[in-house]
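# Remarks on the overall topology
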Amino acid sequence: MGDLIKDKDSLLGKEVSLCGWVDRVRDHGKLRFIMLRDRTGQIQLVVKQGETPEEAVKASNEARDEAVICVKGTLRKAPTKEGVEVAVREMSVLNRPVEPLPLLPRDSLSAILDTRLKFRWLDVRNPKVTKVFLLQAWVAQKFREYFSSKGFVEIFTPKIVGAGTEGGAEVFPVIYFGKPAFLAQSPQFYKQFSVIAGLERVFEVGPVFRAEPHHTTRHLTEYHSMDIEVGFIQSYYDVISFVEGFVKHLAEAMRKEELPQRVLQEYNVEPLEIPGEVPKIPLRKAYEILDSEFKKHIPYGEDLDSEGEKLLGQYVKERFKSDLVFVTEYPWKVRPFYTMRKEDEPDWTYSFDGLLRGLEIVTGGQREHRYERLVENVKDKGMNPKNFEFYLNFFKHGAPPHGGAGLGLERITMQSLKLENIREARLLPRDPETLLP
RNA sequence: GCCGCGGUCGUCUAGCCCGGUCCAGGAUGGGGGCCUGUCGAGCCCUUGACCCGGGUUCAAAUCCCGGCCGCGGCGCCA
């Protein structure tokens, strides 16, 4: 329908054939207007007694909201928004609702989110909701495009794993042929594996699972992580450069390409603003900024809380005209064991987080690739190297210096469109309470 | 996991604080009718709800307790 309206001048007076959903019927008795919708747009159909064949008039009686219909007719000029309409000649109703609609797609955004998710198949028919997923697919495509162009190879790693990855986050247990197993909370070990295995530069887009009972607008128990890992880096700044390059690429494409522009316009939001040089602020400097600019105190050696992240996001937006900021050098105590510690200050690490419009969307850093140090780090975290033997073995036979990062797809979608709740950025969200549909 | 707030027609809500005027009001949707140029079409008729279980009271949508469900904040995280 979108194409049809685009080419309307050349198609005027021609016979067209269309299928879609009935978005709404304006019934005047002997004159009836039907708005037909498909994923590309809407067009008005006219059924007029005396003009439209009797059979088609009869069929149009059955064309209720959200019925699936196909029509043939003539495209002609009309005083509608699109400037055209279809004078119906044939109509067939392929399917119609068997019960009153619990949620009207055209009006679904006025329902509360819980109701929308319960009847998600109706909610997503709302063109504004559809666009979330058009944008999300586009973001993932840009990610693949960017890293492929930088010589990264796409990998596909196990999601059923024999050991929890990071020690901190909770994992979902599964029974694997009688053996205890888990759903992967991160591809971390396997992307490092891939670098060490000689692929050097890898990326993956895939689901990750977190068994943390968060009740917030920014957490899901299942989400999509866009991961990279790269070997032979000089420092973790090389990793930041890759991430920065990607986000810049994304922001530029957002301004240039037709699809994101259309989506952003519907949501009435500005494209991401990313300056030539994205600000990079060591965490210890961030403490000072928050103290002096906002009188917000973060205990030394602690991670930022969500308010701190929000304020820092505000600060860089005003000061550097940037929607993105990298916070660097996190304390060893808040980072996982595989993170490389600073050579001169072992309580701090070569790691970073990236905040997009005040929300953490990426975490990364340089990894410890030296076997003995890695074992020390495991012990330092109070864990038993025996439990990580399968992973530690990777490092025994020539592991290059390397680092990487993981970006949250749903969070990027959410922040790009300024959605209020991350659940809006998933077709079928999983949170501690929601398992169906 | 801890803390706070909330559950009224299919949907979105009014009523709850200050119990009786509520066999619960409105909008939208469903069903029916009128209407030949609408575009949130209009007009008329109709349908349909107090989350569950206890308690207090002459009387409970309204007050109390428990359960279930939802929302948000925190910790934590993408």
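Provided above is the structure to which this section pertains.
Model, not experiment: these values are computed from the prediction.

Looking now at the layout of surface pockets. Taken as a whole, the second largest pocket encloses approximately 730 Å³ of empty space. If you go around the second largest pocket, you meet 22 residues; those closest to its centre are Asp38, Arg39, Thr40, Gly41 and Arg262. When contributions to the lining of the second largest pocket are tallied by element, the ones reaching two or more residues are helix 1 (2-6), strand 2 (31-38), strand 3 (41-48), helix 6 (127-149) and helix 9 (258-267). Residue composition of the lining of the second largest pocket, grouped by class: 6 nonpolar, 5 polar and 11 charged. When residues are assigned to domains, the lining of the second largest pocket turns out to be shared by domain 1 (2-95) and domain 2 (127-425), each giving three or more.

Below, the discussion takes up unusual backbone geometry. In this structure, glutamate 66 is a non-glycine residue whose phi angle is positive, near 70 degrees. Residue placement: glutamate 66 occurs in the loop between helix 3 (54-60) and strand 4 (68-77).

Our focus in this paragraph is the pairing of strand 2. Taking burial as the measure, the 8 residues of strand 2 include 6 buried ones, the bulk of the element. One ladder, built from 8 bridges, connects strand 2 with strand 3; its direction is antiparallel. Considered in strand 3, the bridge of isoleucine 34 is made with leucine 45. In sequence, strand 2 turns back onto strand 3 through a hairpin of 2 residues.

What follows is about the protein's contact with RNA strand B. Neighbouring RNA strand B are 52 residues; Pro79, Glu85, His214, Ser306 and Asn421 lie closest to it. Each atom of RNA strand B within 4 Å of the protein was classed as base or backbone; sugar and phosphate made up 50%. For RNA strand B, a base nitrogen lies 3.0 Å from a polar atom in the backbone of histidine 215. A distance of 3.3 Å separates a phosphate oxygen of RNA strand B from a polar backbone atom of threonine 217. Mapped onto the surface near RNA strand B, the elements with two or more residues apiece are strand 1 (15-27), strand 2, strand 3, helix 4 (113-118), helix 11 (306-320), strand 15 (359-367) and strand 16 (402-408). For the surface near RNA strand B, the element with the most residues is strand 15, which contributes 4 residues. Looking at side-chain class alone, the surface near RNA strand B contains 15 nonpolar, 17 polar and 20 charged residues.

Looking now at the packing of helix 8 (residues 236-256) against helix 9. Viewed as axis vectors pointing N to C, helix 8 and helix 9 meet at an angle of 80 degrees, and their least axial separation amounts to 6 Å. In terms of axis orientation, helix 8 runs roughly perpendicular to helix 9. Of the residues in helix 9, those touching helix 8 at Ala253, Met254, Arg255 and Lys256 are Glu258, Pro260, Gln261 and Leu264.

Across all of its chains, the model carries 47 salt bridges by this definition. Residue glutamate 345 pairs with lysine 342 through a salt bridge whose shortest N-O separation is 3.0 Å. Residues joined in a network through salt bridges with shared partners are Asp23, Arg37, Glu66 and Arg125.

The next thing to look at is helix 14 (residues 409-417). Two residues of an α-helix separated by three or four positions point the same way, owing to the 3.6 residues in each turn. Of all 9 residues in helix 14, 9 are buried, a share of seventy percent or more. Among all positions in helix 14, only Leu409, Glu410, Arg411, Ile412, Thr413, Met414, Gln415, Ser416 and Leu417 are buried. Lysine 418, located one to two residues past helix 14, shows a positive phi value of around 55 degrees.

A few words now on the sheet that holds strand 9 (residues 179-183). Strands in a sheet are paired, the pairing made by backbone hydrogen bonds, and the direction either parallel or antiparallel. Across the sheet, which stays open at both edges, the 3 strands sit in the order 7-9-8 with antiparallel pairing between neighbours. The outermost strands of the open sheet, each flanked by one partner alone, are strand 7 (160-161) and strand 8 (173-176). When strand 7 meets strand 9, the two strands line up antiparallel, connected through 2 bridges. Of the residues in strand 9, the one forming a bridge with isoleucine 160 is leucine 183.

What follows deals with the side chain of serine 194. Looking at the element boundaries, serine 194 is found in helix 7 (residues 188-199). The contact partners of serine 194, leaving out residues within four places of it in the chain, are Ile155, Leu199, Glu200 and Val202.

In the structure shown here, the tally under the stated rule is 28 aromatic pairs. When the ring of phenylalanine 193 is compared with that of phenylalanine 394, the centres are 5.1 Å apart and the planes differ by 70 degrees; the resulting orientation is edge-to-face. Of the two residues, phenylalanine 193 is situated in helix 7 and phenylalanine 394 in the loop between helix 13 (389-392) and strand 16; the sequence distance between them amounts to 201 residues. Taking the relative accessible area as the measure of exposure, phenylalanine 394 reaches 16% and is therefore buried. Here the basic side chain of arginine 284 rests over the ring of tryptophan 348, its NZ or CZ set 3.9 Å away from the ring centre. Above the plane of the ring of tryptophan 332 lies arginine 341, whose end atom (NZ or CZ) is 4.2 Å from the centre.

So, about the environment of lysine 8. Locating lysine 8 in the fold gives a position in helix 2 (residues 8-11). In this structure the C-alpha to C-alpha distance between lysine 8 and tyrosine 267, which are 259 residues apart in sequence, comes to 27 Å. Beyond its immediate sequence surroundings of up to four residues, lysine 8 is in contact with Leu75, Glu82 and Val84.

As a further point, take the packing of helix 6 against helix 14. Where helix 6 contacts helix 14, the two axes come as close as 10 Å, and the packing angle between them is 125 degrees. With respect to their mutual orientation, helix 6 and helix 14 come out oblique. Two packed elements cross with a definite hand, and for helix 6 against helix 14 that hand is right-handed. The residues of helix 14 that touch helix 6, namely those facing Val132, Leu135, Gln136, Val139 and Ala140, are Leu409, Glu410, Ile412, Thr413, Ser416 and Leu417. Residue composition of the contact of helix 6 with helix 14, grouped by class: 7 nonpolar, 3 polar and 1 charged.

Calculation notes
Residues numbered from 1 in each chain as written. Chains lettered and ligands numbered in written order. Predicted model: local features only at pLDDT ≥ 70, side-chain atom pairs only at ≥ 80, totals over all residues. Heavy atoms only, no water. 1 Å grid on protein atoms, 1.4 Å probe; cavity = no way out; pocket = protein on both sides within 12 Å on 5 of 7 lines; lining within 4 Å. Points joined across faces, edges and corners; volume = space filled by probe spheres on them. Helix = DSSP H or I, 4+ residues; strand = E, 2+ residues; numbered from the N terminus. Nonpolar A, V, L, I, M, F, W, Y, C, P; charged D, E, K, R; others polar. Domains from an automatic or database assignment. Buried < 20%, exposed > 50% of the residue type's maximum accessible area, 1.4 Å probe, protein only. Pairing = 2+ DSSP bridges. Near = heavy atom within 4 Å. Polar contact = N/O pair within 3.5 Å; in protein donor to acceptor, adjacent residues only side chain to side chain. Axes fitted to C-alpha atoms, helices over the stretch in contact; angles between N-to-C directions. Parallel < 35°, antiparallel > 145°, perpendicular 65-115°, else oblique. Contact = heavy atoms within 4.5 Å. Salt bridge = Lys/Arg side-chain N within 4 Å of Asp/Glu carboxyl O. Phe/Tyr/Trp six-rings, centres within 6.5 Å; stacked < 30°, edge-to-face > 60°. Lys NZ or Arg CZ within 6 Å of the ring centre and 35° of its normal. Left-handed = near helix turned anticlockwise from the far one by under 90°.

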